[in-house]
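So the chains spell out like this:
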Amino acid sequence: MLIRVNIVVHLFFFAVIVAFSGYSAFDLTQVLVGFLMVGVTGHSALVLSSRQRRGNGLGALTIGLVVFFWLAYTAKFGMAMFIADEYWVVPHLIDTVSLLRVLPEAYFLSMIGFVSVVIAIIAFPLRHSIDWKLRPGKARVLGMLLLLCLCLVIKYFLKARFFLAVPGMDPIQLPIPYLSGILALLLGYAMLFFANVPLFLALFTGNRWAVFVTFLAAMANAGIDLRFGSKDTVMFQMTMIVAYLFMFRVGLESGRAKFKRTARGMIIIIGVLGIGLVSAYKYMNFIRFAFFHGATSIADAISMAAQSDVATSRSSLIELYNRITGIEAFSAVMQMAEARLFSVSLSDMLSGNLMRAFSDMFLGGIDTTSAFSMTLIGSWYAYGRISAIIGGFLVTGGLFAAIQTLIVRAPGAPHNMRLAFLPVYWIMCVQLMLGGNPMIWLKTIIVTLPFVYFIGRLAFTTTSRLHQTTLTQPRLTRSS
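*Asks:* I would appreciate a short explanation of the overall build of the protein in the present structure.
*Replies:* A count of helical and extended segments in the protein gives 19 helices and two strands. Looking at the protein as a whole, 50% of its 480 residues qualify as buried. Sequence-distant contacts in the protein: of pairs separated by 6 or more residues, those separated by 24 or more amount to 77%. Element-wise, carbon and sulfur atoms account for 67% of the exposed surface of the protein, whose accessible area totals about 22700 Å².

This is the structure:
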């Protein structure tokens, strides 16, 4: 189905651009070449991903990147013909006319980056396959749920008392060197994984009440992040649940009838929550600002946000779509780089200084603790134009593939727990493409993987290995 969707997406938005843009023949040629290359590359990646053969382990990662490019670049390019003035970079960093003028070249350069990262993943020499079948074993649902509740209390304390991983706030350093930084990294993706471990185990057991309770615990983690100003975890959590339901539909060998009943209930809950979250999304930033301005409870913050004329005048769908940073931010970066508004070195890009400079330009230097994404392709372009885009994305794609190979093949966590972590890893890859700091991203990987293996071994014990060991032991026979 995704192969057909890929064709429809590119044909539809190319037709929209031709019909409504008024671009010159040269610009339309760039657009055509870009759409053809992206469409063909996406088609090839999806075809390879659909083949059940050795080396298909990177298929899901490739699919995620293809879908991301649809949303952040192809669709945003086409939608700009109608809603360019609604994009978050307008008018702070670029005006509407300039944005529309730069878009053809921006899409062409984005195509080069997309093709480079996909080629690097597909051509990665260390191939692996992913066995999606869930192994039988002992799932410690209650123990992990109790441990998660304790960790959620600790997480709330660290955010409230020391401002660790709180957007817009400088953290209070703990007396032990590097401890604040390590804890801040663990409070992100590592905690997202841990919050979903009891839910994964509950789905494995098939106990509907356990699924419901562990789902609430996972949403509590997202609620804590939302309380302190981070909206992304809520969306990540919804994505995790959908990924887990798909995994169990494919990989569960026993108890499928019980799982289907549970899955139907979860789909209804996700649908209701999704509608509510989309409707309320435009108020989330204002709830965060309300806490910064003295709100003492969530009810007070919601009340203050609901009374904001700015929030009520916005569209939740547009606000949500603006969270998917893509071609609009890259176009602004291109114009700023051509105007030489900032000088860039490799250390500036990798360390995050470039992103801070970009955020300062957006905010006018008012609040330097907030960060705005310039996209990974924008960072590479600002550093070294086309050559940096090609080289940078070849390295990025190879890194994505190498780390997933490590997750799947290295000894450590049980098989089922590796599967439970993979959606978190794919979210991390997309987040880096959106404009994450490469060095912070690597540090997060380094800190998160040992935590994942440790929690995985605590949470689940695979019995098939023990059973296989018993079966393969040589029998003692009486000698004659």
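Next, the rest of the story.
*Asks:* Teacher, can you tell me more about a positive patch on the surface here?
*Replies:* Together, Arg208, Arg249, Arg256, Lys258, Lys260, Arg261 and Arg264 make up a region of like positive charge exposed at the surface. With five residues, helix H9 (residues 256-292) is the single largest residue contributor to the positive patch. Following the sequence through the fold, arginine 249 ends up in helix H8 (residues 232-251).

*Asks:* It is not clear to me how the nonpolar core should be interpreted in this structure. Could you clarify?
*Replies:* Taken as a class, soluble globular proteins show a tendency for nonpolar side chains to be buried jointly. If you look at the biggest cluster of nonpolar residues, it comprises 141 residues, and the most contacted ones within it are Phe77, Val197, Ile389, Phe400, Met417, Tyr425 and Trp441. The leading source of residues in this core is helix H17 (residues 415-434), at 14 residues. Each residue touching methionine 417, except ones within four places of it in the same chain, is listed here: Phe193, Val197, Phe200, Leu201, Gly456, Ala459 and Phe460.

*Asks:* Help me understand the environment of alanine 459, please; the structure alone is not making it clear to me.
*Replies:* For alanine 459, the location among the structural elements is in helix H18 (residues 438-459). Linking alanine 459 and arginine 140, residues 319 residues apart in sequence, is a C-alpha distance of 5.4 Å. When neighbours within four sequence positions are excluded, alanine 459 is seen to be in contact with Lys138, Ala139, Arg140, Met144, Val197, Leu201 and Met417.

*Asks:* Help me understand the pattern of salt bridges, please; the structure alone is not making it clear to me.
*Replies:* When the charged atoms of two side chains lie near each other, side chains of opposite charge can form a pair. What the rule picks out here adds up to five salt bridges. A salt bridge links lysine 155 to aspartate 225; the nearest nitrogen and oxygen atoms lie 2.9 Å apart. With a gap of 70 residues between them, lysine 155 in helix H5 (residues 141-162) and aspartate 225 in helix H7 (residues 208-227) connect regions that are remote in the sequence. Among the ionic pairs, lysine 159 bridges to aspartate 225, the shortest N-O distance being 3.5 Å. Here lysine 159 is found in helix H5, whereas its partner aspartate 225 is found in helix H7, with 66 residues between them in sequence.

*Asks:* Would you mind going over the packing of helix H2 (residues 25-50) against helix H4 (residues 96-122) with me for this structure?
*Replies:* Between two packed helices, the angle of one axis relative to the other and the distance separating the axes together describe the packing. Running from N to C, H2 and H4 cross one another at 20°; their axes reach a closest spacing of 9 Å. When the interaxial angle is binned, H2 and H4 end up roughly parallel. Crossing geometry of H2 relative to H4 is assigned as left-handed. Here H2 contributes Asp27, Gln30, Val31, Val33, Gly34, Phe35, Met37, Val38, Thr41, Gly42, Ala45 and Leu48 to the contact with H4, which in turn contributes Pro104, Glu105, Tyr107, Phe108, Met111, Phe114, Val115, Val118 and Ile122. Each residue belonging to the contact of H2 with H4 can be placed in one class, and the counts come to 15 nonpolar, four polar and two charged.

*Asks:* Which parts of the structure should I look at to understand the packing of helix H3 (residues 59-83) against H4?
*Replies:* Two numbers describe how H3 lies on H4: the axes approach to 11 Å, and their chain directions differ by 175°. It follows from the interaxial angle that H3 and H4 lie roughly antiparallel. Counting all contacts with H3, which are made through Leu61, Thr62, Leu65, Val66, Phe69, Tyr73, Thr74, Phe77, Ala80 and Met81, the residues of H4 involved are Leu100, Leu103, Pro104, Tyr107, Ser110, Met111, Phe114, Val117, Val118 and Ile121. Residues that form the contact of H3 with H4 fall into these classes: 17 nonpolar, three polar and no charged.

Reading guide: rules and limits
- Residues numbered from 1 in each chain as written.
- Predicted model: local features only at pLDDT ≥ 70, side-chain atom pairs only at ≥ 80, totals over all residues.
- Heavy atoms only, no water.
- Helix = DSSP H or I, 4+ residues; strand = E, 2+ residues; numbered from the N terminus.
- Buried < 20%, exposed > 50% of the residue type's maximum accessible area, 1.4 Å probe, protein only.
- Contact = heavy atoms within 4.5 Å.
- Areas by Shrake-Rupley, 256 points an atom, 1.4 Å probe, with all protein chains shown as cover.
- Patch = residues over 30% accessible without salt bridge, like charges linked within 9 Å, V, L, I, M, F, W, Y side chains within 5 Å.
- Salt bridge = Lys/Arg side-chain N within 4 Å of Asp/Glu carboxyl O.
- Lys, Arg positive; Asp, Glu negative; His and termini not counted.
- Charge placed at Lys NZ, Arg CZ, Asp CG, Glu CD.
- Core = buried A, V, L, I, M, F, W, Y, C linked by side-chain atoms within 4.5 Å.
- Axes fitted to C-alpha atoms, helices over the stretch in contact; angles between N-to-C directions.
- Parallel < 35°, antiparallel > 145°, perpendicular 65-115°, else oblique.
- Left-handed = near helix turned anticlockwise from the far one by under 90°.
- Nonpolar A, V, L, I, M, F, W, Y, C, P; charged D, E, K, R; others polar.

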